[in-house]
Protein chains: 2
Amino acid sequence: MTPPQAPLSYRATDRTVPTRARERASHDRELVHAILDEASVCHLGFVRDGAPVVLPTLYGRVGDTLYVHGSTGSRPLRLAGQAGPAGQTGQTGPAGPAGPGLEVCLTVTRVDGLVLARSAFHHSINYRSVVVHGTAHQVTDPEEKRTALDALVDHVVPGRSADSRPANARELAATAVLRLDLDEVSAKVRTGGPSDDPEDLALPHWTGVVPLVRGYGTPVPADDLAPSVPLPAYLSAPTAPAAFSAP
Amino acid sequence: MTPPQAPLSYRATDRTVPTRARERASHDRELVHAILDEASVCHLGFVRDGAPVVLPTLYGRVGDTLYVHGSTGSRPLRLAGQAGPAGQTGQTGPAGPAGPGLEVCLTVTRVDGLVLARSAFHHSINYRSVVVHGTAHQVTDPEEKRTALDALVDHVVPGRSADSRPANARELAATAVLRLDLDEVSAKVRTGGPSDDPEDLALPHWTGVVPLVRGYGTPVPADDLAPSVPLPAYLSAPTAPAAFSAP
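Thresholds, definitions, all that
Residues numbered from 1 in each chain as written. Chains lettered and ligands numbered in written order. Predicted model: local features only at pLDDT ≥ 70, side-chain atom pairs only at ≥ 80, totals over all residues. Heavy atoms only, no water. Helix = DSSP H or I, 4+ residues; strand = E, 2+ residues; numbered from the N terminus. Buried < 20%, exposed > 50% of the residue type's maximum accessible area, 1.4 Å probe, protein only. Contact = heavy atoms within 4.5 Å. Areas by Shrake-Rupley, 256 points an atom, 1.4 Å probe, with all protein chains shown as cover. Pairing = 2+ DSSP bridges. Least-squares fit on C-alpha atoms with pLDDT ≥ 70 in both. Polar contact = N/O pair within 3.5 Å; in protein donor to acceptor, adjacent residues only side chain to side chain. Buried area = accessible area lost by both parts, 1.4 Å probe. Salt bridge = Lys/Arg side-chain N within 4 Å of Asp/Glu carboxyl O. Nonpolar A, V, L, I, M, F, W, Y, C, P; charged D, E, K, R; others polar.

Draft legend 1. Spatial organisation of the overall build of chain A. A tally of regular secondary structure across chain A gives 4 helices and 11 strands. Looking at chain A as a whole, 55% of its 247 residues are labelled buried. Counted over contacts in chain A with a minimum sequence separation of 6, partners at least 24 positions apart contribute 70%. Per element, the accessible surface of chain A, about 10,600 Å² overall, is 56% carbon and sulfur.

Right under this line is the structure:
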């Protein structure tokens, strides 16, 4: 769904240019998408009664749009239907699906390695993260809602939405979906080894990177699954994600 | 540093009792500590100019206190020295290390498995998360600061702080540490398989849990490490974390 003439990078704003370690920051669209597609949960931040709230949640990506979902009764979903600017929730007016939206910050992080320096000070981690700022709006168009829910399922396991029963009318009505456009977005990446100070190089401590590896374990069938149902091809190659890279 | 008579659970408040899936929520201190100790990064949320900001960062735990650190020039650290209630940063008064603190929400999440149901609607993930609400304050006591920095290094690799050069006066001065007491805290845990609706049980889709496994890869020595320096014992057993459990 990326428009044919989409720019290669997201725009830099005051909020997406870090004050520290700027050389690690990027607005490259391809990098941002790759990080978003690899992680499984995001951390969604919003303001409730003036205070920050950060909740882990699933998400899906369709082109330059992210979707998160939840029960129509969950807090961020209700706030998105009620909130004024900056998450002010004092209003008591009726909550509508086409409300003014909820200001959010959605962050995704992959930790790739532990960086052990000779000095405590230079210890670090190798990571890739994406931070998205914007206003999330409830999706009201039924077709977009279906597309979003497919994206959410396919984000958990690619290819899975075509191999499960789609949501019915009752389930669709019970599910609220928030849309967040990728516009004010940045990625941050640290790779490589530690950088010790010259005067520390003779110290006797081991120094280097401990990669963190991850992947699928052996799938565990549900108790009520008939033995005749085979493991689908999209699950039968338990491997560490291809995107994992040693430092 | 847990006081001898510490209660077994953190207190339940309006913010730490979820509106949804209450049966997954817990305030058990031991569970909260175990999740915090296993994860490597947290997501720290705060309010800046009225909008939410969520940044990944390292942390350490000492008893019922969490510590995060950063450059004295980084945004949350500066805000903690400036902020009034609820992260209002409009004041122009002098920033002091003993400022009124920064209201934060610190969240840690471990994803343990992908839950595949027959219906798209019942797809889920198995996870363990901790959400901490509170006001973070800059640490000014030099002894507490050293303890906090040791805890941060030992959180990355247990036992590492004793095998690295401690921070010197210059490094200590360049590092700000925020303290966040564990008080308004909750854990949330989902385990087990999918729960399909009875009318879906005959559908032909595979259903079950795909565990996510993780662990250390093979350590990669730094380019400038002398070959005579052995791999320390705390890194020589590359294993999946003991806390990982299949669903």
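Draft legend 2. Spotlight on the pairing of strand S7 (residues 124–138) of chain A. All names here are of chain A. The element S7 is extensively covered by neighbouring structure, given that 12 of its 15 residues are classed as buried. Of the strand pairs in this sheet, strand S6 (residues 102–116) and S7 are connected by 13 bridges, and their pairing is antiparallel. Directly across from Gly113, in S7, lies its bridge partner Asn126. Strand direction decides the pairing type here: S7 and strand S9 (residues 184–190), joined by 7 bridges, are antiparallel. By the bridge assignment for S9, Arg128 is matched with Val189.

Draft legend 3. Expanded view of the relation of the copies chain B and chain A. Taken as rigid bodies, chain B and chain A are interconverted by a rotation of 180° and an axial shift of 0.0 Å, the fit giving an RMSD of 0.0 Å. Accordingly, the operation relating the two chain copies is best matched by a two-fold axis. For chain B, the smallest separation between a C-alpha atom and the rotation axis is recorded for B:Arg214, amounting to 2.0 Å.

Draft legend 4. Spatial organisation of the environment of B:Arg110. All names here are of chain B. Tracing the chain through its elements places Arg110 in strand S6 (residues 102–116). For the pair Arg110 and Ser40, spaced 70 residues apart in sequence, the C-alpha separation works out to 9.5 Å. Once you skip the residues sitting within four places of it in the chain, Arg110 turns out to touch Glu38, Ala39, Asn126, Tyr127, Arg128 and Arg214. For Arg110, the side chain forms a polar contact with the side chain of Glu38, separated by 3.2 Å.

Draft legend 5. Summary view of the interface of chain B and chain A. Each partner contributes to the interface: chain B provides 89 residues, whereas chain A provides 89 residues. For the chain B and chain A pair, buried surface summed over both sides reaches about 7,200 Å², with 64% attributable to carbon and sulfur atoms. When the area that chain B buries against chain A is broken down by residue, the three leading residues are B:Pro52, B:Arg165 and B:Trp206, summing to 10%. For the interface between chain B and chain A, the tally reads 8 salt bridges. Residue B:Asp224 pairs with A:Arg118 through a salt bridge whose shortest N-O separation is 3.2 Å. Where chain B touches chain A, the interface holds 31 residue pairs in polar contact (both at pLDDT 80 or more). With 9 residues, strand S10 (residues 208–216) of chain B is the largest single contributor of residues to the side of chain B that touches chain A. Among the residues forming the side of chain B that touches chain A, the class breakdown is 49 nonpolar, 22 polar and 18 charged. Taken together, the 5 bridges between strand S10 (residues 208–216) of chain A and S10(B) define a ladder with antiparallel strand orientation. Its bridge partner lying in S10(B), A:Leu212 is registered against B:Tyr216.

Draft legend 6. Region of the structure containing unusual backbone geometry. All names here are of chain A. The phi torsion at Asp49 lies on the positive side, around 50°, for a residue other than glycine. With respect to the secondary-structure elements, Asp49 resides in the loop between strand S2 (41–48) and strand S3 (51–58). Of the residues examined, Asp49 reaches a relative accessible area of 60% and is grouped as exposed.

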